[in-house]
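Fold and contact review
Below, each chain spelled out in residue letters.
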Amino acid sequence: MDKLNFVKNGVLRLPPGFRFHPTDEELVVQYLRRKIFACPLPASIIPDFDVCKSDPWDLPGDSDQERYFFSTREAKYPNGNRSNRATGSGYWKATGIDKQIVTSRGTNQAVGMKKTLVFYRGKPPHGSRTDWIMHEYRLISTETDIKNSTQSSGENWVLCRIFLKKRGTKNEEEVMTKSKNCYTRFSALGKTGPVFYDFMATEKKIRADLNLAPALSSSGSSGVTEISCHEPDDLEDSTSCSSLSSFRMKLH
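The present account deals with the structure reproduced in this document. All residue numbers refer to position in the chain's written sequence, counted from 1. In keeping with the model being predicted, local features are shown solely for residues with a pLDDT of at least 70 and side-chain atom pairs are shown and tallied solely at 80 or more, while totals for entire chains, interfaces and linings include all residues. Excluded from the side-chain calculation are hydrogens and water; included are all heavy atoms of the structure.

Here's the deal with the pattern of salt bridges
Here a salt bridge means any side-chain nitrogen of Lys or Arg lying within 4 Å of a carboxyl oxygen belonging to Asp or Glu. Evaluated as defined, the whole model comprises nine salt bridges. Salt bridges sharing common partners tie together Asp-24, Glu-66, Lys-99, Lys-114 and Arg-161.

Printed below as a string of structure tokens:
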């Protein structure tokens, strides 16, 4: 049965309702390995494209989605193993350590490696970091595999997954930061209810909200006051409970 070709003009075009979300193992074993050893692919779904000939935003396909390419690595120096990853406007820089890809069949056999790279604008070492990320997969082959391979010596295939890292909006980050700072001073101790470690500031705020006169300072206050109330079901209930019960506390 002939495999359907889902790539047109270098762009992935799947039928409506279909998504391409392969695992790392599937990318290495089912696609990259078959590509290297000239075996039939599960589907003609990953185009051949030199990812370093274009900037990431100019690569074929939808830049809002993950894009996959078979690419060949070009040696940076004639007698070296380092790859040339420079593009027209910048360069890909490796980050972190390579991750080993193992089979999920219980043998834990290593079949490939995954390298993570970040795209920088400009020239090294003074480029500016961007949010473009590349996962570069390469195959781990045995000597027998290499001898049986039909690929030419000039080809060094890798499989690349390229995507734009999504960042939260400024408002979302501010809300998360304020929420974290607010509740770091708040904790529940069993059935006795919450404990305020910054009691004076909390009491002043509650009195101000209720238009009450400021309380007299107490030299004997320990700064940690336990509130007696029923056990709350969730954080919102516990906050309401602490607000209503704060004026039933013994301040003597």
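What about the pairing of strand S5 (residues 110–121)?
Successive residues of a regular strand alternate their side chains across the two faces of the sheet. Whether a residue is buried, partly exposed or exposed follows from its accessible area with a 1.4 Å probe, protein chains only, as a fraction of its type maximum: under 20%, in between, or over 50%, in that order. Every helix listed is a DSSP run of H or I at least four residues long, and every strand listed is a run of E at least two residues long, numbered separately from the N terminus. Most of S5 sits inside the fold, with nine of its 12 residues counted as buried. Being paired, for any two strands, means DSSP has found at least two bridges between them. Here strand S4 (residues 90–102) runs beside S5; their pairing, made up of 10 bridges, is antiparallel. Looking at the pairing, Ile-101 lines up with Gly-112 of S5. As judged from the nine bridges shared by S5 and strand S6 (residues 128–139), these two strands associate in the antiparallel manner. Bridge assignment links Tyr-120 to a residue of S6, and that residue is Arg-129. The hairpin formed by S5 and S6 contains six residues between the paired strands, and Gly-122 there has a positive phi angle of roughly 95 degrees.

Concerning the sheet that holds S5
Pairing is antiparallel in the open sheet, where five strands are placed in the order S3-S7-S6-S5-S4. Looking along the sheet, the strands with just one partner apiece sit at the ends: strand S3 (67–72) and S4. The mean inter-strand angle of the sheet, taken between neighbouring strand axes irrespective of direction, is 25 degrees. Inspection of the sheet shows S6 paired to strand S7 (residues 157–164) by six bridges, in the antiparallel sense. Looking across to S7, one finds that Tyr-137 is bridged to Leu-159. Angular values range over 0 to 180 degrees, each being the angle between N-to-C directions of two axes fitted as lines to C-alpha atoms, with helices fitted over their stretch in contact.

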